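Listed here are the chains, written in short residue letters.
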Amino acid sequence: MKMWIESCKAHCKALVTRRLAVALIAVVAVGSVATFNFTKTAKAAAPAAAPLDDNSVGALLTLDRAMETLAARVTPAVVNVTVASKSNAQESGQEGMPDVQQFFGPGSPFGRQFGRQFNVPSQPQNRMEHGLGSGVIISPDGYIVTNNHVIDGAVDIRVTMSNREVLPAKLVGADPLTDLAVIKVNATNLPSVPWGNSAELHPGQTVLAFGNPYGFRFTVTRGIISALNRPNPDPSDRRKPGEFIQTDAAINPGNSGGALVDARGELIGINTFLISSSGSFSGMGFAIPSQIVQPTVETLIRDGKVTHAFIGVQISDITPDNAKFFQLNKAEGAVVSEVGPDTPAAKAGLRTGDVITELDGKPVTDAGQLQMTVGQKRPGDTIHLQVVRDSKPMTISVTLEALGNGKGAETAGGEHGKVRWGLSLADLTPDVRNELQARKSAQGAIVEDVQPGSPADNAGLQRGDVIMEVNRRPVKSAAEVGQELSAVPSGQDALVLVWSNGGSTFRVLHPSQG
């Protein structure tokens, strides 16, 4: 029995040993298979992707190098401008244009908004407040261009150069009408940006915008010229020249006064405002063209101020819509919608309805161009206007006078039976005229109501507008306006001269279809 037990133990031990060996062999085999599969997988993995060779993207690399060269050339001539000014409690109630945001200057809408965004407490009356913007060095001896609204009211101006050096600056001169200013630092051999010619620009050209958005110094953005000759968007002062450059190069608060340059690094504009419902960049930035900047700056450096010349008319564009009412073959020129009393225009014999087609022998394409050209003249200059009046060409010479003393400059307006035209009218009484602050000579009918979707509505007429002419005929009452509009043949347009918000423009009423 004992021997059987020992024999059984020996047999079991041998069996266990064999099973362990088999298990070990199996484990080794599994490990070998795993190792083989891992090695096989590793050997089968694809190599990392190689970058594109220079020949494939040569054009892009060339463009990048060109942009780097351009940015490196211009950036040293762009400065950061910081100002300290005395706050004014009344400015807190200042109203700006909806959706038109101007950049950091003392008391500017953006300056206040910037403070709120960064939880800076509002300043009480007669306390110091701070603003910032940008500037461009235009000469090695320290002359710098910026916006008037950046330095307006400043008692201290500091300029930070691209090498971080901070220099005090003094105000040389400012021009609120064009929103331009010149400051100067006491330095020599400074980098500068050469002038470019904004008259040679075309939509689609590459441009770079330089500045200090939101305090992030020496920022450059790239885009194109989106449009040219954009009109003055500020209805509070129609005397301000337009002709703005529109760009999609990112412009934000703090870029105001910065440089807009072309591919050659030439200064073609000064960044000044953006249009946005949010207050930050939305693809529509605007710059003052060098055609306005350069002569203004040169005058500020020479005289410390700018005395603008003016004719004394309100003008609007000749368009395909209204050209036929003035018997014109081309939709070019500027039509006089109002002549101010005792102005150079009145003294020279200009009349409402005259179409100005040339100035000193050069074509006038639109109202904005005429306004800008006259603005570059000096008081006392005599200009020669080619005018079409009642289909007859004539030349009228006008001696320009200085803008000021309550006088108004040329203002460029835009284009923007009662059941038939969608109008409800009333007589313009002296009391209503005074309430509207219309000029004493204004006669006609006041618009009481405009039917939505009507020809009047589509032409931009609003309650409170005054219709003074219909199809070039003066009207003195609501009845006369109604008679003239009723006399327009069915299916034909009507031209009305409208006084609105302190200015007069011609509007075309298109008859309803159907």
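Observations concerning the overall build of the chain
When helices and strands are counted, the chain shows eleven helices and 28 strands. For the chain, buried positions account for 45% of its 514 residues. Working note: accessible area of the chain is about 26,300 Å², and carbon and sulfur atoms make up 53% of it.

As for empty space enclosed by the protein
Roughly 30 Å³ of internal volume is contained in the largest cavity. Looking at the largest cavity, the residues that line it are Phe 326, Gln 327, Gly 353, Val 355, Val 388, Arg 389, Asp 390, Ser 391 and Arg 472.

Some remarks on helix α7 (residues 367–375)
Turning to α7, its buried residues number three or more, namely Ala 367, Gly 368, Leu 370, Gln 371, Met 372 and Val 374. The N-capping residue of α7, defined by a side-chain oxygen 3.2 Å from the backbone nitrogen of Gly 368, is Asp 366.

A look at the pairing of strand β6 (residues 166–175)
In regular strands, side chains alternate between the two faces of the sheet. With four bridges connecting them, strand β5 (residues 154–160) and β6 associate as antiparallel partners. What sits directly across from Ile 157, in β6, is Ala 169. Linking β5 to β6, which pair antiparallel, is a turn of five residues; within it Arg 164 sits at a positive phi near 75°. Sheet analysis places β6 next to strand β7 (residues 180–185), joined by six bridges and oriented antiparallel. Bridging from a neighbouring strand, Lys 170 pairs with Lys 184 of β7. Hairpin connection between β6 and β7: a loop of four residues separates the two successive antiparallel strands, and Asp 179 in this loop has a positive phi of roughly 60°.

Some points on the nonpolar core
Nonpolar side chains in soluble globular proteins tend to end up buried together. If you look at the biggest cluster of nonpolar residues, it comprises 46 residues, and the most contacted ones within it are Val 81, Ile 151, Val 159, Ile 183, Val 185 and Phe 210. The element contributing the most residues to this core is β7, with five residues.

Side note on the environment of Gly 333
Turning to its location among the elements, Gly 333 is positioned in the loop between β15 (313–317) and β16 (334–339). Among the residues examined, Gly 333 registers a relative accessible area of 0% and is labelled buried. Beyond its immediate sequence surroundings of up to four residues, Gly 333 is in contact with Ser 316, Asp 317, Ile 318, Ile 356, Val 364, Thr 365, Asp 366 and Ala 367.

Looking at the environment of Ala 334
Residue position: Ala 334 is located in strand β16. In this structure Ala 334 comes out as buried when scored by relative accessible area, which is 0%. Once the C-alpha coordinates of Ala 334 and Ser 316 are considered, the two residues, 18 residues apart in sequence, prove to be 5.5 Å apart. Other than its neighbours up to four places away in sequence, Ala 334 contacts Ile 315, Ser 316, Ile 318, Asp 354, Val 355, Ile 356, Val 364, Asp 366, Ala 367 and Leu 370.

A look at the pairing of strand β28 (residues 503–509)
β28 sits mainly inside the fold: seven of its seven residues count as buried. Residues of β28 alternate between two faces, with Gly 503, Thr 505, Arg 507 and Leu 509 on one and Ser 504, Phe 506 and Val 508 on the opposite face, all of them buried. In terms of strand pairing, strand β27 (residues 494–500) meets β28 through seven bridges, oriented antiparallel. Opposite Leu 497, over in β28, you have Phe 506 as the bridge partner.

Let's talk about the confidence of the model for the chain
Per-chain confidence: the chain averages 80 in pLDDT, with 78% of residues scoring 70 or above. When the criterion is pLDDT under 50, residues 1–36 qualifies, and its contacts beyond four places in sequence or with other chains add up to zero contacts. Note on residues 89–124: pLDDT under 50 across the span, and 75 contacts to partners over four residues away in sequence or across chains.

Concerning the pattern of salt bridges
Tallied over the entire structure, the rule returns ten salt bridges. Its salt-bridge partner being Arg 302, residue Asp 303 comes within 3.2 Å of it at the nearest N-O pair. By relative accessible area, Asp 303 is classed as partly exposed at 40%. Put simply, Arg 378 and Asp 303 hold a salt bridge, and the shortest N to O gap is 3.8 Å. Of the two residues, Arg 378 sits in the loop between α7 and β19 (382–389) while Asp 303 sits in helix α5 (residues 290–303), which places them 75 residues apart along the sequence. Residues joined by salt bridges that share partners form a network here, namely Arg 302, Asp 303 and Arg 378.

Thresholds applied
The residue numbering used here restarts from 1 in each chain and proceeds along that chain's sequence as written. The model is predicted, so local features are restricted to residues of pLDDT at least 70 and side-chain atom pairs to those at 80 or more, both for listing and for counting; the totals for chains, interfaces and linings are taken over all residues. Working from all heavy atoms in the structure, the side-chain values ignore hydrogens and water. Secondary structure elements follow DSSP: runs of H or I of four or more residues count as helices, runs of E of two or more count as strands, with numbering from the N terminus. Accessible area is worked out with a 1.4 Å probe on protein chains only. A residue is then buried under 20% of its type maximum, exposed over 50%, and partly exposed in between. Surface exposure here means Shrake-Rupley accessible area, sampled with a 1.4 Å probe, where a residue is shielded only by the protein chains that are shown. For cavity detection a 1 Å grid was placed over the protein atoms alone, and a set of points counts as a cavity when a 1.4 Å probe fits there but cannot get out; an open set counts as a pocket when protein lies on both sides within 12 Å along at least five of seven lines, with lining residues being those that have an atom within 4 Å of a point. Grid points are joined across faces, edges and corners, and a volume is the space filled by probe spheres set on the points. Definition of a polar contact: a pair of N or O atoms within 3.5 Å, with one able to donate and the other able to accept a hydrogen when the atoms are protein atoms, and with sequence-neighbouring residues admitted only if both atoms are side-chain atoms. Being paired, for any two strands, means DSSP has found at least two bridges between them. Nonpolar core, defined: a set of buried Ala, Val, Leu, Ile, Met, Phe, Trp, Tyr and Cys residues in which side-chain atoms within 4.5 Å join the residues together. Whether two residues are in contact is decided by their heavy atoms: any pair within 4.5 Å suffices. Think of pLDDT as the predictor's per-residue confidence, scored from 0 to 100. Any Lys or Arg side-chain nitrogen located within 4 Å of an Asp or Glu carboxyl oxygen qualifies as a salt bridge.

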